[in-house]
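Understanding the architecture of this molecule
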Amino acid sequence: LADNHLFSAHMVQHLLLVLVVPPLILAGIPDWLVRPLFRPRLVLAAARFFTRPLIAFLVSSMVLSLWHLPVLYNIALRSELGHISEHVMFIGSAVIMWWPVLSPLPEVPRATYPIQVIYLFGLTLPMGFIGAAITFSRRVLYDYYDTVPTLWGLTTVMDQQIGGLIMKIVGALVFLCVMTAVFFLWYYREERREAGEVG
């Protein structure tokens, strides 16, 4: 569906690569398995730099934005190497993006809870802006989909609008749900701390 028919299906695929796969990798990987990768000082320094919330935000937003420019997106659809490169860059930048929230290593730590809340809210913006631009475009942005058959009676523009809405709404909901969870973790930690001080 994603490769040969529908932009909206391709958008679902991209959201899985950015919003589902990297968090599951970070949540599931044991620290002893990943720690050897960070033993070289240069690698550790680079990891600490790129996983700072502002840098992680900029890297992930830049990758997401550039690959949704029509010229690059159409290259990815027409070239297997371009398509693989796009997906590898999505996963790699998304691992960086999720690291400040789900780091498995104290050596490359998570951001504090207040910073995580602000950071996660900020992450709703790039997907929202890109999704809105795609949704409200009245012309076909990705002309590859004009050359393949659509399904279920959708026009290419309708399919594009659905894809933009999926990106905007689902992307925002995922980040807002995680932000809510982080907020409550922060709240309960502060409650326990205050209870300990009173006790």
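Below is a summary of the structure that appears in this document. In this convention, every chain numbers its residues from 1, walking through the sequence in written order. Where local features are concerned, this predicted model is filtered to residues with pLDDT of at least 70; where side-chain atom pairs are given and counted, the filter is 80 or more; whole-chain, interface and lining totals use all residues. With hydrogens and water stripped out, all remaining heavy atoms of the structure feed into the side-chain values.

The next thing to look at is the pattern of salt bridges. Put simply, a salt bridge is a Lys or Arg side-chain nitrogen that is within 4 Å of an Asp or Glu carboxyl oxygen. Under the definition given, this model contains four salt bridges. With a shortest N-O distance of 3.8 Å, aspartate 31 and arginine 35 are connected by a salt bridge. Categorising residues by exposure relies on relative accessible area from a 1.4 Å probe, with only protein chains included: less than 20% of the type maximum marks a residue as buried, more than 50% marks it as exposed, and the intermediate range marks it as partly exposed. We classify arginine 35 as partly exposed; its relative accessible area is 24%. When the shortest N-O distance is used, the salt bridge between arginine 189 and glutamate 190 registers 3.0 Å. Overall, glutamate 190 belongs to the partly exposed group, its relative accessible area being 23%.

A few words on a nonpolar patch on the surface. Exposure above 30% relative accessible area and the absence of a salt bridge qualify a residue for a patch, where like charges join within 9 Å and nonpolar side chains (Val, Leu, Ile, Met, Phe, Trp, Tyr) within 5 Å. Accessible surface is estimated by sampling points in the Shrake-Rupley manner with a 1.4 Å probe; for residues, cover comes only from the protein chains shown. Residues Met62, Leu66, Leu69, Val71 and Ile75 make up a contiguous nonpolar surface patch of about 440 Å² in total accessible area. In this description a helix means any DSSP run of H or I spanning at least four residues, a strand means any run of E spanning at least two, and both kinds are numbered starting from the N terminus. At the level of elements, helix H4 (53–67) and helix H5 (70–78) are the ones that each hand at least two residues to the nonpolar patch.

Quick look at empty space enclosed by the protein now. Cavities and pockets are found on a 1 Å grid laid over the protein atoms alone: a cavity is a set of points where a 1.4 Å probe fits but cannot escape, a pocket is an open set with protein on both sides within 12 Å along at least five of seven lines, and a lining residue has an atom within 4 Å of such a point. Grid points are joined across faces, edges and corners, and a volume is the space filled by probe spheres set on the points. On inspection of all chains with the given rule, the structure shows one cavity of 30 Å³ or more. By volume, the largest cavity amounts to about 90 Å³. Lining the largest cavity, in full, are Val18, Ser60, Ser61, Leu64, Phe90, Ser93, Ala94, Met97, Leu123, Pro126, Met127 and Phe175. Of all the secondary structure elements, the ones that give two or more residues to the lining of the largest cavity are H4, helix H6 (80–102) and helix H7 (113–135). Per-element accounting of the lining of the largest cavity gives the leading share, four residues, to H6. Nonpolar residues are Ala, Val, Leu, Ile, Met, Phe, Trp, Tyr, Cys and Pro. Charged residues are Asp, Glu, Lys and Arg, and all others, Gly as well, are polar. Among the residues forming the lining of the largest cavity, the class breakdown is nine nonpolar, three polar and no charged.

This paragraph deals with the packing of aromatic side chains. Here a Phe, Tyr or Trp ring, Trp counted by its six-membered ring, pairs with any other such ring whose centre lies within 6.5 Å, and the pair is stacked when the planes are under 30 degrees apart, edge-to-face when over 60, and tilted otherwise. Applying the stated rule across the entire model yields 10 aromatic pairs. Aromatic pair phenylalanine 38 and tryptophan 99: ring centres 5.7 Å apart, planes at 50°, arrangement tilted. Of this pair, phenylalanine 38 sits in the loop between helix H2 (31–34) and helix H3 (41–50) while tryptophan 99 sits in helix H6, and the two are 61 residues apart along the sequence. Like phenylalanine 38, the residue tryptophan 99 is buried in the burial classification. Joined through ring pairs, the aromatic side chains of Phe183, Phe184, Trp186, Tyr187 and Tyr188 make up one cluster.

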